Amino acid sequence: MESKNYQEELAHIRQMMERSSRFISFSGLSGVIAGIVALLGSVYVYFIFRREGIDYFDGERNIYTPALAQELFFVALVILVLAISSGYIFTARKSKKKNIKVWDSITKKLLFNFAIPLATGGIFCIALWYHHYFPLIAPSMLIFYGLALINAERYTLSDVKYLGICEVILGIIALFWLGWGLIFWAIGFGFLHIFYGILMYRKYD
């Protein structure tokens with residue numbers, strides 16, 4: 001009996017220490033929703049290509065006009081806003097359910113470490129768009145997003161690191177398949193998010 005109580009106390013202490021050093025309120029559902037939004041966005045972009053007379057799957061390297069690239073950039077921005085909004089909603093709901101503060105010093109450290117690579121990547125992608133290096137934008141987004149996840153892992157669930165590594169690897173592969181950014185974008189931001197979201201939901205939620 002005493003041994004059982006001792007183990008329960010240790011588990012409670014371990015949980016308190018984890019809460020004080022890591023942001024553990026991420027909901028797996030937010031990853032699933034973000035992935036679904038990304039896939040829907042990819043389908044929408046595919047129909048934009050059809051409207052422009054581009055057969056994306058004809059095996060040819062696709063060339064984008066500045067006007068088309070600008071429209072794609074706007075679509076990506078809308079998808080990002082929707083994904084972040086859904087992530088906040090589900091995370092806030094999980095935090096409220098577990099009586100954990102959403103905004104504290106750990107959250108600030110998490111966002112700071114996540115934002116540095118992400119903001120750098122965002123500026124880099126804008127520069128690529130400005131200089132009309134459009135095929136490099138999707139691979140760069142995957143790489144910098146993956147680096148942001150890896151950099152933020154120390155302040156949240158360790159599973160995030162593995163998602164980040166997968167995103168970086170996928171982005172590097174995409175660098176050698178320029179013109180197929182939509183496919184890699186859909187895999188990285190769509191299917192990988194859904195897959196890891198389901199795993200994290202089953203493991204932590």
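**Quick notes on the confidence of the model for the protein**
Parts of the prediction with low pLDDT should not have their coordinates interpreted in detail. Averaged over the protein, the pLDDT score is 78; the fraction of residues at 70 or greater is 77%. Between the elements of the protein, mean pLDDT differs from a low of 46, seen in helix α1 (residues 2-21), to a high of 92, seen in helix α6 (residues 159-174). Low pLDDT, under 50, characterises residues 9-24; the stretch is placed with 27 contacts to residues that sit more than four places away or in other chains.

**What to know about empty space enclosed by the protein**
If a probe as big as a water molecule is rolled over the atoms, it shows which places are left empty. One pass over the full model with this rule turns up 2 cavities of 30 Å³ or more. For the largest cavity, the calculated volume is near 380 Å³. In terms of lining, the largest cavity is formed by 21 residues, of which the most central are Leu72, Ile137, Ala138, Met141 and Trp185. At the level of elements, α2 (28-51), α3 (66-97), α5 (137-152) and α7 (181-204) are the ones that each hand at least two residues to the lining of the largest cavity. At 6 residues, the largest contribution of residues to the lining of the largest cavity is made by α3. Class assignment for the residues of the lining of the largest cavity results in 17 nonpolar, 4 polar and no charged.

**With respect to the packing of aromatic side chains**
Tallying each qualifying case throughout the model produces 6 aromatic pairs. When the centroid spacing of 5.2 Å and the interplanar angle of 45° are considered together, the rings of Tyr145 and Phe189 count as tilted. Of this pair, Tyr145 sits in helix α5 while Phe189 is found in helix α7, placing the two residues 44 residues apart along the sequence. When sorted by exposure, Tyr145 lands in the same class as Phe189, which is buried. Arranged with centres 4.9 Å apart and planes meeting at 45°, the rings of Trp185 and Phe189 form a pair that is tilted. Of this pair, Trp185 and Phe189 are both found in helix α7, 4 residues apart, which corresponds to roughly one turn of the helix. On the accessibility criterion, Phe189 (10% relative accessible area) is buried. Feature note: the residues Phe114, Tyr145, Trp185 and Phe189 constitute an aromatic cluster, connected by ring pairs.

**Structural notes on the pattern of salt bridges**
For the coordinates displayed, the defined rule picks out 1 salt bridge. Linking Glu71 and Arg51 is a salt bridge whose minimum nitrogen-to-oxygen distance equals 2.7 Å. Here Glu71 is found in helix α3, whereas its partner Arg51 is found in helix α2, with 20 residues between them in sequence. The exposure class assigned to Glu71 is partly exposed, which follows from its relative accessible area of 24%.

What counts, and where the lines are drawn
- Sequence order sets the numbering: in each chain, residues are counted from 1 along the sequence as written.
- Since the coordinates come from a predicted model, pLDDT governs what is reported: local features require at least 70, and pairs of side-chain atoms require 80 or more to be given and counted, while whole-chain, interface and lining totals use all residues.
- Neither water nor hydrogens contribute to the side-chain values; these are computed over all heavy atoms in the structure.
- Per-residue confidence from the predictor is given as pLDDT, running between 0 and 100.
- The helix count covers DSSP runs of H or I at least four residues long, the strand count covers runs of E at least two residues long, and both are numbered beginning at the N terminus.
- Contact definition: two residues touch when any of their heavy atoms are within 4.5 Å.
- Think of a 1 Å grid over just the protein atoms. A cavity is a set of points where a 1.4 Å probe fits yet cannot get out, a pocket is an open set with protein on both sides within 12 Å along at least five of seven lines, and lining residues have an atom within 4 Å of a point.
- Grid points are joined across faces, edges and corners, and a volume is the space filled by probe spheres set on the points.
- Residue classes follow a fixed rule: Ala, Val, Leu, Ile, Met, Phe, Trp, Tyr, Cys and Pro count as nonpolar, while Asp, Glu, Lys and Arg count as charged, and any other residue, Gly among them, counts as polar.
- Only rings of Phe, Tyr and Trp enter the pairing, Trp through its six-membered ring, and a pair is recorded when the two centres are within 6.5 Å. The plane angle decides the type: under 30 degrees is stacked, over 60 is edge-to-face, the rest tilted.
- Here's how the labels work: a residue is buried when its accessible area is under 20% of the maximum for its type, exposed when over 50%, partly exposed in between, all with a 1.4 Å probe on protein chains only.
- For this analysis, a salt bridge means a side-chain nitrogen from Lys or Arg found within 4 Å of a carboxyl oxygen belonging to Asp or Glu.

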